[in-house]
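For reference, the chains in residue letters:
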Amino acid sequence: MRIPFVAGNWKMHGSKAMIQDHLGQFTQQAEALNNVNIAVCPPSLYVSAVQSQLTSSSVKVGVQNVCDQAGFGAYTGEVSVDMLVDMGVPYAIVGHSERRAFYCETDRQVADKVAIVLDKNLTPILCIGETLEERESDQTEHVVKTQLIAVIEKVGIAAFANIVIAYEPIWAIGTGKTASPEQAQAVHAFIRNLLAQHDTAVAQQVVIQYGGSVKPDNAAALFAQPDIDGGLIGGASLDPMDFLAICKAASQSCLK
Ligand SMILES: O=C[C@H](O)COP(=O)(O)O
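- As recorded by an unreviewed UniProt entry, the chain carries the name Triosephosphate isomerase and is attributed to Thiomicrospira cyclica.
- Quoted verbatim from the Subcellular location (unreviewed entry) heading of the UniProt record, the comment on the chain is "Cytoplasm".
- Under Sequence similarities (unreviewed entry), UniProt gives the following word-for-word description of the chain: "Belongs to the triosephosphate isomerase family."

**What to know about helix α8 (residues 181-196)**
Stage number 1. In this model, α8 (16 residues) spans 22 Å end to end at C-alpha, consistent with the 22 Å of a helix rising 1.5 Å per residue.
Stage number 2. Looking at the packing, one finds that the buried side of α8 touches α7 (140-155), β6 (164-167), α9 (200-205), β7 (208-210) and α10 (216-223).

**Re the packing of helix α5 (residues 107-119) against α7**
A pair of packed helices is characterised by two quantities: the angle between their axes and the separation of those axes.
Stage number 1. Axis separation between α5 and α7 bottoms out at 9 Å; the angle between their running directions is 45°. As judged from the angle between their axes, α5 and α7 are oblique. Relative to α7, α5 is oriented so that their crossing is right-handed. Only T146, Q147, A150, V151, K154 and V155 of α7 make contact with α5, whose side of the interface consists of D107, R108, V110, A111, D112, V114, A115 and L118.
Stage number 2. For the contact of α5 with α7, a count of residues per class yields eight nonpolar, two polar and four charged.

**Focus: the site of the ligand**
Stage number 1. Close to the ligand lie 14 residues, the nearest being N9, I173, G211, G234 and G235.
Stage number 2. When its residues are assigned to classes, the shell around the ligand shows five nonpolar, eight polar and one charged.

**Describing the UniProt feature "active site" (unreviewed entry) in the chain**
Stage number 1. As annotated by UniProt and renumbered to match this structure, "active site" (unreviewed entry) occupies H96 and E168. Sequence-wise these annotated residues cover 73 residues; spatially they are packed, their C-alpha atoms never more than 8.5 Å apart.
Stage number 2. One can find H96 in the loop between β4 (91-94) and α4 (97-102).
Stage number 3. The buried category is assigned to H96, around which 28 C-beta atoms lie within 10 Å.
Stage number 4. Ignoring sequence-local partners within four residues, the contact set of H96 consists of Q64 and C127.
Stage number 5. Once residues within four sequence positions are removed from consideration, E168 is found in contact with S97, C127, G129, I173, G211, G212 and L232.

**Focus on the UniProt feature "binding site: substrate" (unreviewed entry) in the chain**
Stage number 1. This chain's UniProt record puts "binding site: substrate" (unreviewed entry) on N9, W10, K11, G174, S213, G234 and G235. In sequence the annotated residues extend across 227 residues, while in space they remain close, none of their C-alpha pairs exceeding 13.8 Å.
Stage number 2. Note that W10 resides in the loop between β1 (5-9) and α1 (16-30).
Stage number 3. By the C-beta count within 10 Å, which is 21 here, W10 ends up buried.
Stage number 4. Counting through the fold element by element, G235 comes out in the loop between β8 (230-233) and α11 (240-252).

**Let's talk about the pairing of strand β5 (residues 123-128)**
Stage number 1. Of all six residues that make up β5, five are buried, and the element is covered over most of its length.
Stage number 2. Note that β4 and β5 share four bridges and pair parallel. Each residue of the ladder has a partner; that of A92, found in β5, is P124.
Stage number 3. Two elements, β5 and β6, share four bridges in a ladder whose sense is parallel. The residue bridging C127 from the neighbouring strand is A166, located in β6.

**Describing the packing of α7 against α8**
Stage number 1. With their axes 11 Å apart at the nearest point, α7 and α8 run at an angle of 40° to one another. With respect to α8, the axis of α7 lies oblique. Note that α7 runs across α8; the crossing there is right-handed. Contacts from T140, E141, V144, K145 and L148 in α7 reach V187, F190, I191 and L194 in α8.

**Examining the environment of I125**
Stage number 1. Turning to its location among the elements, I125 is positioned in strand β5.
Stage number 2. Discounting chain neighbours no more than four positions away, the residues touching I125 are A7, G62, Y91, I93, V94, V164, A166 and L232.

**Description of α11**
Stage number 1. Spanning 13 residues, α11 covers 18 Å between terminal C-alpha atoms, matching the ideal 18 Å at 1.5 Å per step.
Stage number 2. Restricting attention to buried positions, one finds in α11 the residues D242, F243, L244, I246, C247, A249, A250 and S251.
Stage number 3. Buried residues along α11 sit in contact with β1, α1, β2 (37-41), α10 and β8.

Parameters and conventions
Residues numbered from 1 in each chain as written. Predicted model: local features only at pLDDT ≥ 70, side-chain atom pairs only at ≥ 80, totals over all residues. UniProt positions renumbered as here; feature names shortened; annotations may be inferred. Helix = DSSP H or I, 4+ residues; strand = E, 2+ residues; numbered from the N terminus. Expected span 1.5 Å × (residues − 1). Contact = placed C-beta atoms within 7 Å. Axes fitted to C-alpha atoms, helices over the stretch in contact; angles between N-to-C directions. Parallel < 35°, antiparallel > 145°, perpendicular 65-115°, else oblique. Left-handed = near helix turned anticlockwise from the far one by under 90°. Nonpolar A, V, L, I, M, F, W, Y, C, P; charged D, E, K, R; others polar. Near = placed C-beta within 6 Å. Buried ≥ 20, exposed ≤ 12 C-beta atoms within 10 Å, placed from the backbone. Pairing = 2+ DSSP bridges.

Now the structure itself:
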């Protein structure tokens, strides 16, 4: 049985004041929700401040990126997975399309990062998805397959029991132009079937989030789809009440 998982990706947003205000409003009410796992992923600099607000809360914290080198060393500006362990951070977003596009992260680097995160028993949120151009030229399945195969070849199919996948069509990110529930479901089913070709039990177990302009008014329809297990939320996660409404929609979607 899969429990839906909603993660808020704050991207390069946040401040001490926002954290206090946002999580002050959000956490208490989020505690009342059943059948949903929740995380917030602030910029790394604010992890401690978020953790202080989440003491004794079931809401977890994650980071938005991690170094493709484990341990410690001369990697200016990077955060290592060992630091996540040290700080008690269980989740790391890996391969977000903005990292792939703006910082030239390759499928291979993304696969390396997934392996490094798994190696420390943390959970990677692996982002995959196609551009508008790729969708319009019928390349969606080819693109997500290539992105997934790179990770399967690196970590093996069994490891997917400990990976969260976030399908994020790039054309729907921050555009207000969400994929329809049917469009999203079709790709989620494709992803699950692809995994099932390697291992049916793992495929049934893996949580596949949808990301791309999820809002309170479209969340329920998306999460009701049989292969959509919650969401990776950008813009709407910055508003505590919108984020709460989305988490509520996930908690009310059927367990799958
Ligand atoms: O990581 C989150 C996604 O990029 C979605 O962002 P968005 O909800 O602002 O479209």
